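Here are the chains, one letter per residue:
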Amino acid sequence: MSDRYEIDLNVKPGDDLQDEEMAEAPQVKRKGRGFQSGDQRGDGVHSSAFDKLNSSDDSASGRALKSIEGWIVLITGVHEEATEEDILDKFGEYGEVKNVHLNLDRRTGYVKGYVLVEYEKFSEAEEAIAAMNGAKMLDQTLTCDFAFVKPTNNDDRGRRGLTTRGRGGHGGRRSGRSSSPTRR
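Just so it is clear, the model here is predicted, and its values are computed rather than measured. (Residues numbered from 1 in each chain as written. Predicted model: local features only at pLDDT ≥ 70, side-chain atom pairs only at ≥ 80, totals over all residues. Heavy atoms only, no water.)

Caption draft 1: Representation of the side chain of Glu124 within the structure. Mapping Glu124 onto the fold places it in helix H3 (residues 122–132). With no salt bridge to any partner, buried Glu124 finds its closest opposite charge in Lys121, at an N-O distance of 4.9 Å. (Helix = DSSP H or I, 4+ residues; strand = E, 2+ residues; numbered from the N terminus. Buried < 20%, exposed > 50% of the residue type's maximum accessible area, 1.4 Å probe, protein only. Lys, Arg positive; Asp, Glu negative; His and termini not counted. Salt bridge = Lys/Arg side-chain N within 4 Å of Asp/Glu carboxyl O.)

Next comes the structure, spelled out in structure tokens:
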């Protein structure tokens, strides 16, 4: 059971013993983040190789965005004693409701005042919003809109928050000191 192997003893120190594929690959040393500029980096971050979420279901014209699973409608002004059945009865008329999220207050057990309803198709969600926005349910007026919307061009709240103050966010105060004298 002795297998014989032939060994080439003519190899000298310093000879390159790489595979043919490895010998063909260019050896480039890359250090740091700015070794090349623009789309030449090849790291995938600056290229256009990102997947895009396309809405092949219906044409989602306007400002609505699809979530991962479907079209989510945010309903506010919901009465605190509303149940999931009440929501399904009202919003089930406009299409198949995939999911209903009824957020409850831990302390009281009542609805917090808003509901998220998920539809499979854009047209169903749009029809539900058009029909139920301003409608009454349990003597309260509902407000309906898409939960995810495209920001407008002049909408920069995501970057600086809702205030127009400069950096720091404390009205010009620095390091926690106030400009008015304190009483002792």
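Moving on, there is more to tell.
Caption draft 2: Quick look at the sheet that holds strand S6 (residues 143–146). Taken together, four strands build an open sheet; the order of strands is S2-S3-S1-S6 and the sheet is antiparallel. In this open sheet, the two edge strands, each paired with only one partner strand, are strand S2 (97–104) and S6. Between one strand and the next, the sheet's axes are offset by a mean angle of 20 degrees, whatever the strand orientation. Direction of pairing for strand S1 (residues 71–76) relative to strand S3 (residues 111–119): antiparallel, over a ladder of six bridges. Bridge pairing in S3 places Thr76 opposite Tyr114. (Pairing = 2+ DSSP bridges. Axes fitted to C-alpha atoms, helices over the stretch in contact; angles between N-to-C directions.)

Caption draft 3: Summary view of the pattern of salt bridges. Enumeration over the complete set of coordinates arrives at three salt bridges. Linking Arg63 and Asp145 is a salt bridge whose minimum nitrogen-to-oxygen distance equals 2.9 Å. Linking Arg63 in the loop between helix H1 (20–24) and S1 with Asp145 in strand S6, this pair joins segments that are 82 residues apart in sequence. For Lys98, the salt bridge identified is with Glu118, shortest N-O distance 3.5 Å. Of the two residues, Lys98 sits in strand S2 while Glu118 sits in strand S3, which places them 20 residues apart along the sequence. Residue Lys98 is classed as partly exposed on the basis of its relative accessible area of 36%. Given a relative accessible area of 6%, Glu118 falls into the buried group.

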